[in-house]
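Next come the chains, spelled out residue by residue.
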2 protein chains.
Amino acid sequence: MDHPIGEVAAFAGVTVRALHHYEEIGLLRPSRRTPAGHRRYTDGDLARLQQIRFYQELGFRLDEVAALLDDPETDPTEHLRRQHALLLGRAARLEAMAAAVERTLEAHRMGVNLTPEERFEVFGERDPEQYATEADRRWGDGPAYREARRRTARYTKDDWRRITGEQRQVGARFAELLRSGAAATCREAMDLAEEHRRQVCRYFYDCDHTVHRGLADLYESDPRFTEGYGPAPELGRYVGAAIRANADRHEG
Amino acid sequence: MDHPIGEVAAFAGVTVRALHHYEEIGLLRPSRRTPAGHRRYTDGDLARLQQIRFYQELGFRLDEVAALLDDPETDPTEHLRRQHALLLGRAARLEAMAAAVERTLEAHRMGVNLTPEERFEVFGERDPEQYATEADRRWGDGPAYREARRRTARYTKDDWRRITGEQRQVGARFAELLRSGAAATCREAMDLAEEHRRQVCRYFYDCDHTVHRGLADLYESDPRFTEGYGPAPELGRYVGAAIRANADRHEG
DNA sequence: ACTTGCACCTCACGCACCGTGAGGAGCCAC
DNA sequence: GTGGCTCCTCACGGTGCGTGAGGTGCAAGT
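Quick caveat, the model's predicted, so the values are computed rather than measured. (Residues numbered from 1 in each chain as written. Chains lettered and ligands numbered in written order. Predicted model: local features only at pLDDT ≥ 70, side-chain atom pairs only at ≥ 80, totals over all residues. Heavy atoms only, no water.)

Chemist: Honestly, the protein's contact with DNA strand D in this entry has me stumped. Any pointers?
Modeler: The environment of DNA strand D is made up of 19 residues, and the closest members are R39 of chain A together with T15, R17, Q56 and L62 of chain B. Counting only the atoms of DNA strand D that lie within 4 Å of the protein, the sugar and phosphate share comes to 73%. R17 of chain B has a polar side-chain atom sitting 2.9 Å from a base oxygen of DNA strand D. One nitrogen or oxygen atom from the main chain of L62 of chain B is found 2.7 Å from a phosphate oxygen belonging to DNA strand D. Sorting the residues of the surface near DNA strand D by element identifies helix 1 (5-12) and helix 2 (16-24) of chain A together with helix 2 (16-24) of chain B as the ones contributing at least two each. Tallying contributions element by element places helix 2 of chain B first for the surface near DNA strand D, with 4 residues. Here the surface near DNA strand D is built from residues that sort into 6 nonpolar, 7 polar and 6 charged. (Near = heavy atom within 4 Å. Polar contact = N/O pair within 3.5 Å; in protein donor to acceptor, adjacent residues only side chain to side chain. Helix = DSSP H or I, 4+ residues; strand = E, 2+ residues; numbered from the N terminus. Nonpolar A, V, L, I, M, F, W, Y, C, P; charged D, E, K, R; others polar.)

Chemist: What should I look at first to understand the interface of chain A and chain B in this one?
Modeler: How big an interface is tends to be stated in terms of accessible area lost as the parts join. With 40 residues of chain A in contact, the opposing surface of chain B contributes 44 residues. Note on chain A versus chain B: buried area summed over both sides is about 4,300 Å², and carbon and sulfur give 70% of it. Linking chain A with chain B are 2 salt bridges, by the criterion used here. Residue E57 of chain A is joined to R90 of chain B by a salt bridge in which the shortest nitrogen-to-oxygen separation is 3.8 Å. Where chain A meets chain B, there are 4 residue pairs in polar contact (both at pLDDT 80 or more). Elements that contribute at least two residues to the side of chain A that touches chain B include exactly helix 1, helix 3 (43-57), helix 5 (76-110) and helix 6 (116-120) of chain A. Residue contributions to the side of chain A that touches chain B peak at 21 residues, all from helix 5 of chain A. (Contact = heavy atoms within 4.5 Å. Buried area = accessible area lost by both parts, 1.4 Å probe. Salt bridge = Lys/Arg side-chain N within 4 Å of Asp/Glu carboxyl O.)

Chemist: What am I meant to see in helix 4 (residues 62-70) of chain B here?
Modeler: In an α-helix, one turn spans 3.6 residues; hence positions three or four apart end up facing the same way. Regarding helix 4 of chain B, the residues found buried are L62, V65, A66, L68 and L69 of chain B. Buried residues in helix 4 of chain B, looked at end-on, bunch into an arc of 165°, giving them a common side. (Buried < 20%, exposed > 50% of the residue type's maximum accessible area, 1.4 Å probe, protein only. Arc of directions from axis to C-beta.)

In structure tokens:
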């Protein structure tokens, strides 16, 4: 009912050394040892290893993986659902990159020279926030968060003024819409949500519609994010609803 | 007409430190320096950086990337085509992993316990065959052909994209090996051949080593099957030799 | 003329994730 | 008893940067 280390390594596509390492850092401890000291992995251990492999493939560091898996508030199916979403997101990103390569090829064929922005737009991506501490609590500090921090770290003061200015403008337009009595599900509100999403993409991380839904929760639950434009909690809910409607529209 | 390092870093989504590192290891040297010693990157440097980023995203190490880019026999468009194939392959792999997560979820819901093989099959590897129509001509409508047609008939457009992406990846890896000077009878080449065989099994029909030998002939005689990855006829012979060596190994 | 302030420079140490032996033991087959 | 395979435990090495520390170049403000 349990397996020796070589077999496990072969199954999982990792080396024996890696399994040793996982034990050293407390990430995966085999449930049993033989009298001779040989490691034996149970099916439960294998299930954990599977989770480890998925998270790792997604770019999490091993200490992050350990934190995720050892969080008592997360049940197994939640891990799987999260991994599913992240995997599809990454796949989509790679396809976008492939498309970018195609465009580059095309430009090359035409003898056109690309602008730097065009060259690297697909590398823009994934994930966190100026709400660094919020993002932290919500997503731990996954690869997306690190990427965002890396990017934001390079922004100058002028960049920040420009970026927050743009964001405040979107916020103001949301407040405007809300005051006008337009539904959060109307086209204008959804377009505004889409604009917001693209801003996040441009300045912070690769924010697809799924991730954007997560931000919607954030806006609704924390009035800090919309304060200053209007009736805070109500505007938060309004923006959240618009983001969700927009996501529905694009995913439908 | 050239750019300071911070700007380049922002464009490309890398840190300034990374660019310093690339220069240290001779991977990317800015074409110019200002009198004050500040690096200046030309558009040509940016083009190279773009290539670096793509290859890196695909999992190549920096010294490998340098070797690839500095190979005088490879022209720019060949890099792009190769990257395109590899990106699609990786995207396909991630989608397969997402599907595996779905299956795991489903099994979980049913209360079923997965076998280790099931748990990790997606981590093993990749790749198959599109030569359905060729198979057609060769085997007329024997049982193998009928099975292939039965299975391929159910594939959606998405399935096809995924499958051909995986295949192209194996092709690219063969080309890589050939370029590296490895013998077609080396272990890596045979492993790759075996991987290829399993793809055929998974996506088309039961392809044992004998049948695989038949495919080897096909690849050698028709350069269409390996074009786009490298010197077509040579690569075809190389793949054929690897398949035969692999068959020998398994049948021996 | 002076001082911020930012972008840039050059060391140089540190860290994550293992790879890669070295040296030895358990276990099976002949 | 002697290969031959798998397993064990150190322990050093390597890649791809992160992260200061300490200093320079230059433009704008006072």
